[in-house]
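# Reading the structure
Letter by letter, the chains look like this.
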Amino acid sequence: MMQPGNILQIVMIGTGVLLFFVTMNSLARRKMTESFSLAWGLISLILIFAGILLRPSGWSRYLSNMGMFLVVMIGFCVVYVAYFMSVKLSELSRKNQELAIQVSLLNQENERMLARLEELTGKDKRHL
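Residues numbered from 1 in each chain as written. Predicted model: local features only at pLDDT ≥ 70, side-chain atom pairs only at ≥ 80, totals over all residues. Heavy atoms only, no water.

## With respect to the overall build of the protein
Where we set the bar: Helix numbers and strand numbers start at the N terminus; a helix is a DSSP run of H or I with at least 4 residues, a strand a run of E with at least 2. As defined in this context, the radius of gyration uses C-alpha atoms, and a globule is described by 2.2 Å times the residue total to the power 0.38. Any pair of residues with heavy atoms lying within 4.5 Å of one another is described as a contacting pair.
Helix and strand counts for the protein come out as 3 helices and 0 strands. Starting at the N terminus and ending at the C terminus, the protein contains elements arranged as α-α-α. Over its C-alpha trace the protein gives a radius of gyration of 26 Å, far above what one expects of a compact globule, namely 14 Å for 128 residues. Once the C-alpha set of the protein is aligned to its principal axes, its extents read approximately 90 × 20 × 15 Å. Within the protein, contacts between residues separated by at least 24 positions form 77% of all contacts whose residues are at least 6 apart in sequence.

## What to know about a nonpolar patch on the surface
As a reminder of what qualifies: Candidates for patches are residues over 30% relative accessible area with no salt bridge; among them, like charges are joined within 9 Å and nonpolar side chains (Val, Leu, Ile, Met, Phe, Trp, Tyr) within 5 Å. For the area figures, the Shrake-Rupley method with a 1.4 Å probe applies, and any residue is considered shielded solely by the protein chains shown. The working definition used for a salt bridge is a side-chain nitrogen of Lys or Arg within 4 Å of a carboxyl oxygen of Asp or Glu.
Taken together, Leu38, Leu42, Leu45, Ile46, Phe49, Ile52 and Leu53 make up a surface patch of nonpolar side chains, about 730 Å² in accessible area. Topologically, Leu42 is positioned in helix H2 (residues 34–53).

## Brief notes about unusual backbone geometry
Note the cut-off: Only protein chains enter the calculation, and the probe is 1.4 Å; a residue is then buried if its accessible area is under 20% of its type maximum, exposed if over 50%, and partly exposed in between.
Positive phi values are uncommon outside glycine, yet Arg30 reaches one of about 60°. Positionally, Arg30 belongs in the loop between helix H1 (4–28) and H2. Of the residues examined, Arg30 reaches a relative accessible area of 52% and is grouped as exposed.

## A few points about the pattern of salt bridges
Applying the stated criterion to the full structure yields 4 salt bridges. The partner of Lys95 in a salt bridge is Glu91, with the nearest N and O atoms 3.5 Å apart. Note that Lys95 and Glu91 are positioned in helix H3 (residues 65–121) at a spacing of 4 residues, about one turn of the helix. We classify Lys95 as partly exposed; its relative accessible area is 45%. With a relative accessible area of 32%, Glu91 lands in the partly exposed category. Ionic pairing is found between Glu119 and Arg116, a salt bridge with its closest N-O pair at 2.5 Å. Note that Glu119 and Arg116 are positioned in helix H3 at a spacing of 3 residues, about one turn of the helix. Judged by its relative accessible area of 57%, Glu119 falls in the exposed class.

## Here we look at the packing of aromatic side chains
To be explicit about the condition: Note on aromatic contacts: the rings of Phe and Tyr and the six-membered ring of Trp form a pair at centre separations within 6.5 Å, being stacked when their planes are under 30 degrees apart, edge-to-face when over 60 apart, and tilted otherwise.
Under the counting rule described, the total for this entry stands at 3 aromatic pairs. Seen from their ring centres, Phe20 and Phe21 are 6.1 Å apart, and the 75° between their planes marks the pair as edge-to-face. Residue Phe21 is classed as exposed on the basis of its relative accessible area, which comes to 56%. Both rings, one in Trp40 and one in Tyr83, keep their centres 5.4 Å apart while their planes meet at 70°; by these two values the pair is edge-to-face. Remark: Tyr83 occurs in helix H3 and Trp40 occurs in helix H2; sequence separation between them is 43 residues. By relative accessible area, Tyr83 is classed as buried at 12%.

Taken by themselves, the reported measurements are silent on function.
As structure tokens, this is what we get:
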């Protein structure tokens, strides 16, 4: 039977690899902005290196198998919630940028219409 520390190492490496591929997929599908993708890429690499370099074999004295399972589940939940929030913030950021572009285009159209109206009537309609 494997020690809980060894299982934790495998889970950390596996989570890091999975998180890296999910992050790259989100970036390719434009679900996440570049800055969030970079941050999650670094987090996934840190998880991979931590799983390789850290040796948590002494944890079996302090944590039972059920305790290790609970720690892993809580860790997954925290990572999932943070990742979900990153995707939603990226989506809101993109929508905000699109709205700013649309407002700019509407302002430009309004200026052209006012200039054309002034040209046709010969009066300055902006000061009415």
